[in-house]
Amino acid sequence: MNKFLRYSLSLVLAFVASVTFAQEVTFDFDKDYKTLFPELTGTSSSTSHDGDITKTMTCTTNGISVAVSAKTPGSSTDNRIWSSSPRLRMYSGTLTIQAPADKKIASIDIINGKWNNNNKADVGTINSTINNSSWTGDANKVVYTIAANTQIKSIKVMLAGTKIEY
């Protein structure tokens, strides 16, 4: 009987633990740029400016949004969706990642081809390695200030303490 009760308790605890998890959303600019930024007429290249971001553009998935600003006034190169990987290329301005109003961001992983070490986040901590920049903290919104050439393949956002509803 004791074994049965312990086993039953273990199952109940496992079930309870499985319904609470961190929600994860990935913005894959290399694969999904057309869906994420439908306003753009194409991609930028050495002969085209169709992917230039000339105003703040926001994409939202499962309530989490990523906003890419236009270049900082006085900067020479527009932020843009490039014709090859890594597609999202930022040279100045801001990259804003925001959770739904009642949620907090626990971590952000940016897979990149190039990351400028002078990029800053307004809250939390950034740790960068080759091809990956990770942010950790506890905030509803994180604003990165882009200092110079930063090339992003994808952004994975992890929310804290989201519950599955049945």
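The preceding data block contains the structure.
First things first, this report covers the structure right here in the doc. (Residues numbered from 1 in each chain as written. Predicted model: local features only at pLDDT ≥ 70, side-chain atom pairs only at ≥ 80, totals over all residues. Heavy atoms only, no water.)

In this structure, Phe27, Phe29, Tyr144 and Ile155 are the most contacted members of the largest nonpolar core, which totals 32 residues. Tallying contributions element by element places strand E14 (residues 150-159) first for this core, with four residues. Setting aside its immediate chain neighbours within four residues, Phe27 contacts Leu36, Cys59, Thr60, Thr61, Ile64, Val66, Lys153, Ser154, Ile155 and Val157. (Core = buried A, V, L, I, M, F, W, Y, C linked by side-chain atoms within 4.5 Å. Buried < 20%, exposed > 50% of the residue type's maximum accessible area, 1.4 Å probe, protein only. Helix = DSSP H or I, 4+ residues; strand = E, 2+ residues; numbered from the N terminus. Contact = heavy atoms within 4.5 Å.)

Moving on to helix H2 (residues 29-36). Among the residues making up H2, those that are buried are Phe29, Asp30, Tyr33 and Leu36. Down the axis, H2 shows its buried residues gathered within 85 degrees of arc, on one side only. Structural note: H2 exposes Lys31, Lys34 and Thr35 on the side pointing more than 90 degrees away from its buried face. On its buried face, H2 is in contact with strand E2 (24-28), strand E4 (57-61), strand E5 (64-68), strand E6 (79-81), strand E7 (88-90) and E14. The N-cap of H2, judged by a side-chain oxygen 3.1 Å from the amide nitrogen of Asp30 a few residues on, is Asp28. (Arc of directions from axis to C-beta. Polar contact = N/O pair within 3.5 Å; in protein donor to acceptor, adjacent residues only side chain to side chain.)

What follows covers the sheet that holds strand E8 (residues 94-98). The five strands lie next to each other as E4-E5-E8-E13-E10, forming an open sheet whose pairing is antiparallel. This sheet does not close on itself; its edge strands, each paired only once, are E4 and strand E10 (120-121). Sheet topology note: the E10/strand E13 (residues 141-145) ladder contains two bridges and is antiparallel. Residue pairing for E13: Ala121 is matched across the bridge by Tyr144. (Pairing = 2+ DSSP bridges.)

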